[in-house]
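Inside the fold
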Amino acid sequence: MRQGIKLKFTDFNQTTVEQQSNRCFEPLFKDLFIKAYKRANSRGVRLIGLTLGFEESQQREQQLSLPDF
């Protein structure tokens, strides 16, 4: 599985940071957000997107739950 954060800035440029993980892990989203936000260079953020990506084999074999934020 991969987790990711996408930020779109006020100038409509965007950045994405992703990382592989074994499960959906809230602290990883926080770490990824910090990495992405460091790329803001004083720009405001207009959109934050979260990504969970699964390999096709994982989609068929198990149902994963999202943590309560």
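Everything below is about the structure printed above this text.
Below, the structure is looked at part by part.

Reading the values: rules and limits
- In this convention, every chain numbers its residues from 1, walking through the sequence in written order.
- At least 70 in pLDDT is required for a residue's local features to be given in this predicted model, at least 80 for side-chain atom pairs to be given and counted, and no such filter applies to totals for whole chains, interfaces and linings, which use all residues.
- Calculation of side-chain values draws on the structure's entire complement of heavy atoms; hydrogens and water are dropped beforehand.
- A run of H or I in DSSP becomes a helix once it reaches four residues, and a run of E becomes a strand once it reaches two; helices and strands are each numbered from the N terminus.
- Each residue's exposure class comes from its accessible area (1.4 Å probe, protein chains only) as a fraction of the maximum for that residue type: buried when under 20%, exposed when over 50%, partly exposed otherwise.
- Contacts are assigned to residue pairs with any non-hydrogen atoms lying within 4.5 Å of each other.
- Only the protein chains shown count as covering a residue, and every accessible area follows the Shrake-Rupley method with a 1.4 Å probe.
- For patches, a residue must show more than 30% relative accessible area and have no salt bridge; joins then use 9 Å for like charges and 5 Å for nonpolar side chains, namely Val, Leu, Ile, Met, Phe, Trp and Tyr.
- Salt bridges are identified by distance alone: a Lys or Arg side-chain nitrogen within 4 Å of an Asp or Glu carboxyl oxygen.
- One less than the number of residues in a helix, times 1.5 Å, gives the span that helix is expected to have.
- The directions considered for the arc run from the helix axis to the C-beta atoms.
- Polar contact criterion, stated in full: a pair of N or O atoms within 3.5 Å, where within protein one must be able to donate a hydrogen and the other to accept it, and residues adjacent in sequence count only if both atoms are side-chain atoms.

Some thoughts on the overall build of the chain
Of regular secondary structure, the chain possesses 2 helices and 3 strands. Mapped in sequence order, the helices and strands of the chain form the string β-β-α-β-α. Looking at the chain residue by residue over its 69 residues, the buried ones come to 26%. For the chain, long-range pairs separated by at least 24 residues make up 56% of all intrachain contacts whose partners lie at least 6 apart in sequence. Total accessible area computed for the chain in this model is approximately 5200 Å², and 46% of it derives from carbon and sulfur atoms.

Details of a nonpolar patch on the surface
The grouping of Tyr-37, Val-45, Ile-48 and Leu-50 at the surface amounts to a nonpolar patch, some 380 Å² of accessible area in total. Counting residues per element, the nonpolar patch draws most heavily on strand β3 (residues 45-53), which supplies 3 residues. Within the element layout of this structure, Leu-50 appears in strand β3.

Considering helix α1 (residues 26-37)
Taking 1.5 Å per residue as the helical rise, α1 with its 12 residues ought to reach 16 Å, and the 17 Å between its terminal C-alpha atoms agrees with that figure. Buried within α1 we find Leu-28, Phe-29, Leu-32 and Ala-36. In an axial view of α1, the angular spread of the buried residues amounts to 100°, which keeps them on one side of the axis. Tucked into the core, α1 has its buried residues touching β1 (2-9), β2 (14-20) and β3.

Overview of the environment of Ser-21
You can see Ser-21 is positioned in the loop between β2 and α1. Ignoring sequence-local partners within four residues, the contact set of Ser-21 consists of Met-1, Gln-3 and Leu-28. A polar side-chain atom of Ser-21 sits 3.1 Å from a polar atom in the side chain of Gln-3. In terms of polar contacts, Ser-21 uses its side chain to reach the backbone carbonyl oxygen of Arg-23, at 3.1 Å.

A look at the side chain of Thr-15
Looking at where Thr-15 falls in the secondary structure, it is placed in strand β2. Within the structure, Thr-15 has its side chain in polar contact with the side chain of Arg-39 (distance 2.6 Å). Apart from the residues within four sequence positions on either side, Thr-15 is in contact with Ile-5, Lys-6, Leu-7, Phe-9, Ala-36 and Arg-39.

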